[in-house]
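In case you want the letters, here they are:
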Amino acid sequence: MLERLRRPWPDHRAERTLGAVSLLVGVVVVAMIVFVTIRALPIFQHNGLGWLTGNGHVETQIAEMQATSVHPPPSAFHLSAWPLIYGTLITTVFAVAFGLVIAVLSSIFIVELASPRLRNIAIPVIRLLASVPSVIYGLIGILVLVPFVGNHLITAQQKTSVQNTIELTGAGLGVTVVILTIMITPIMVALTCEALASVPVSWREGAVALGLNPLRAVLAVTLRAVRPAIVAAAVLATARALGEAVMIQMVSGGRFFTPNLSHGISVFFYEPLRTLASSIVDYHEGIGAPALRAALYSFALLLLFSAFALSVGGYLIKLPLRKYQTRG
Amino acid sequence: MNAIAPNAPHAPRPAGKSGGVQRPGGRGRRSSPWSWRWSDRLVLACAWISGIGLCLIAGAIVVYMGYRGIQYLRPNLLFSRPSVSTDQGSSGGFLDPLLGTLLLTFIGIALALPLAVCSAVWIAEYGRPSWLARVVESSIEIVAGTPDIVIALFGLSIFQLGVFAPLSFTSEGGGVYGRSFVAAGAMMSLLAVPPIFAASREGLQSLPGHLREAAFALGKTRIATIRRVLLPAVRSNVATGVTLGVSRIIGSTAIVLLLLGETLRFDTEGGVPGVNLLRGTGSALTSYIYDNSPAGEGAAPQKAYAAAFVLLVFVLVLNLVVDRIGRSHANAMGATVAGGIV
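*Asks:* Any chance you could explain the overall build of chain B here in plain terms?
*Replies:* Looking only at helices and strands, one finds 14 helices and zero strands in chain B. When its helices and strands are written in sequence order, chain B yields α-α-α-α-α-α-α-α-α-α-α-α-α-α. When the 342 residues of chain B are sorted by exposure, 48% land in the buried category. Considering only residue pairs separated by 6 or more positions, chain B has 65% of its internal contacts joining residues 24 or more positions apart.

*Asks:* What is the right way to look at the overall build of chain A in this model?
*Replies:* Within chain A, the secondary structure is distributed over 15 helices and zero strands. Viewed in the frame of its principal axes, chain A has a C-alpha envelope of about 75 × 70 × 35 Å. Split into buried and exposed, the 328 residues of chain A put 53% on the buried side. Of the contacts formed within chain A by residues at least 6 apart in sequence, a portion of 80% connects residues at least 24 apart.

*Asks:* Just checking my understanding: could you explain the domain arrangement of chain B for this structure?
*Replies:* Often the size quoted for an interface is simply the accessible area lost on bringing the parts together. Residue and element names in this part refer to chain B. Structurally, chain B comprises domain 1 (36-69) and domain 2 (94-341). The partner domain 2 presents five residues to the four residues of domain 1 that form the contact. A per-class count over the side of domain 1 that touches domain 2 returns one nonpolar, two polar and one charged.

*Asks:* Explain the interface of chain A and chain B here, please?
*Replies:* The interface is formed by 82 residues belonging to chain A together with 85 residues belonging to chain B. Considering every element that reaches the side of chain A that touches chain B, the biggest residue donor is helix α2 (residues 11-47) of chain A, with 18 residues.

*Asks:* What am I meant to see in the packing of helix α3 (residues 95-126) of chain B against helix α6 (residues 181-206) of chain B here?
*Replies:* Relative placement of two packed helices is described by the angle separating their axes and the distance separating the axes. Residues and elements named next belong to chain B. The interhelical angle for the contact between α3 and α6, taken along N-to-C directions, is 35°, at an axis separation of 6 Å. You can see that α3 and α6 cross each other, and the crossing is right-handed. When the residues that make up the contact of α3 with α6 are grouped by side-chain class, the tally is 24 nonpolar, six polar and two charged.

*Asks:* What should I look at first to understand the nonpolar core in this one?
*Replies:* Generally speaking, soluble globular proteins have nonpolar side chains that are buried together. Counting residues in each nonpolar core, the largest one holds 208 residues, and the members touching the most others are Ala233 and Ala300 of chain A together with Leu153, Ala308 and Leu311 of chain B. Of the residues that make up this core, three or more belong to each of domain 1 (36-69) and domain 2 (94-341) of chain B.

*Asks:* I keep staring at helix α4 (residues 130-145) of chain B and nothing clicks. Help me out?
*Replies:* Since one α-helical turn is 3.6 residues long, residues separated by three or four positions face the same way. The end-to-end C-alpha distance of α4 of chain B, which contains 16 residues, comes to 22 Å, matching closely the 22 Å that a straight helix rising 1.5 Å per residue would cover. The set of residues buried in α4 of chain B consists of Val136, Ser139, Ile140, Ile142, Ala144 and Gly145 of chain B. Contact partners of the buried residues in α4 of chain B: α2, α11 (227-243) and α15 (290-321) of chain A together with α3 and α6 of chain B.

Rules used in this analysis
- Residues numbered from 1 in each chain as written.
- Chains lettered and ligands numbered in written order.
- Predicted model: local features only at pLDDT ≥ 70, side-chain atom pairs only at ≥ 80, totals over all residues.
- Helix = DSSP H or I, 4+ residues; strand = E, 2+ residues; numbered from the N terminus.
- Buried ≥ 20, exposed ≤ 12 C-beta atoms within 10 Å, placed from the backbone.
- Contact = placed C-beta atoms within 7 Å.
- Domains from an automatic or database assignment.
- Nonpolar A, V, L, I, M, F, W, Y, C, P; charged D, E, K, R; others polar.
- Axes fitted to C-alpha atoms, helices over the stretch in contact; angles between N-to-C directions.
- Left-handed = near helix turned anticlockwise from the far one by under 90°.
- Core = buried A, V, L, I, M, F, W, Y, C linked by C-beta atoms within 7 Å.
- Expected span 1.5 Å × (residues − 1).

Okay, here's the thing in structure tokens:
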């Protein structure tokens, strides 16, 4: 047997073996979807799709899930997770919106404006920003930014204005969005830069010859040509922001609360929240309780589903934009 | 490559050697940014500010963590084992988490490397039937886009199955604990597969066709060509991918928190040396930082800073390695920049 394996392999067997190994990843993906769905099923059985809404009080519901033992009563499965979904949505939307603007501008800076020397510094530095582990961002957030915001930026008057609903400590939407933006911008910069650099120079020269100033030419021609890459970058960054768990758990304040714009725009950014992913980290120790486990797996299923929807959506958006095909 | 119209003599050039802002009234007819509309000048200023700002933020993080690291990192922290104590002076260092990170990295890469390289070879060199190749490619894309917290929960659900009971603790009632170094390492490998796959495939696809043709002309089979010619040629791409995979593994916190059991020290299971370590629980640098930050229960920020400094040094070194490989190998550049950050 060993002797047979040691001899040079015939091609068809090598092909089949390699193909089988490759398919393993596919098997893993299918298993992931199946397992997460099965574990999340009780929530769907008891709530239907109603758990996506905010009809109940999620804090007491989760507390009840934790309290029930191995055989939870059906009432323990009631869930209305809207505050978490809302928290996930606003952190992601703000971070991607800010990040996209910053990323496009800094890609223009890197590719078009910076001198080669500056570019050689900027690219590795921004790449480093992308590879800093999220727990380090969280650590800096919780030990530096949160106390700073809590002690210096939030005024006593702002604290008293909402003291009946929520306590403002500094940890909250604002800090979360700032750090999340810093985390996802480098990803977008990388993809956008590469696309910008691959646009033929002559296209922009043509625009300049027609009388546009160089910056306008970049905005009107180059940026237009790389729209598919920008969409791809935004999709990737959104996926990353949706799934960020540990950093958000550390700096978001960890309260079942929906930041409310009617409290005033600055207070809004100081209010704490919780996201789908961060509550998985918050409650993972109670995962032995079947009801809570089902809830956490349903959060995971929602995240998995959004990641799918994002990549399909990004693909569909990119289709009509591919008129000026450059690389990527 | 200075992108803006370097050859057109009358073209305005804001991007000269001195950078974007040019002195008005230089040689020839050049439009300086000062003569542009205010909105254009605003965009130009914003581009400069955001580009420089990002670099400054990165610099600030490194400098701040370096400062804290030098302030708090002592050699005995690195070489002493952690212990449970209410007094921070006697709760030890982070030798076990450090070794835990290394062990997880080793397991993760050992599983991910063959898987990813085989997939890349199959996709790039065989890839038939094409729908199956498409399935494999999209699966890897899905894995790449899945948040690590979801991967962690998935891992928990499989390793708690009875079949995998030998891989972790089993409690009195027959419940499988599902948390061990094998479990965490296996899920970590899913993080490392996408970058290794992307880098290897890119490398294989950028190899010139005559390499293969020459090997075939010498009578080599496809698989022999792959083994003797193609794989050695893409070694540096694979190395780039592995480095990126390692940096994803050492930075992942969620998987460690959920799948490693969060015991401060190595907690072995069973009697066989080596195997008991793999079946046992432990901690990694990321979970050590988390637990010692105000978010965890430890509340020892000095130790969190010290461990974070060590972790950041690892990341910096890995970045330098990627950079070095990328520079020494022009072909790998694409993989470095594109696959690099993702």
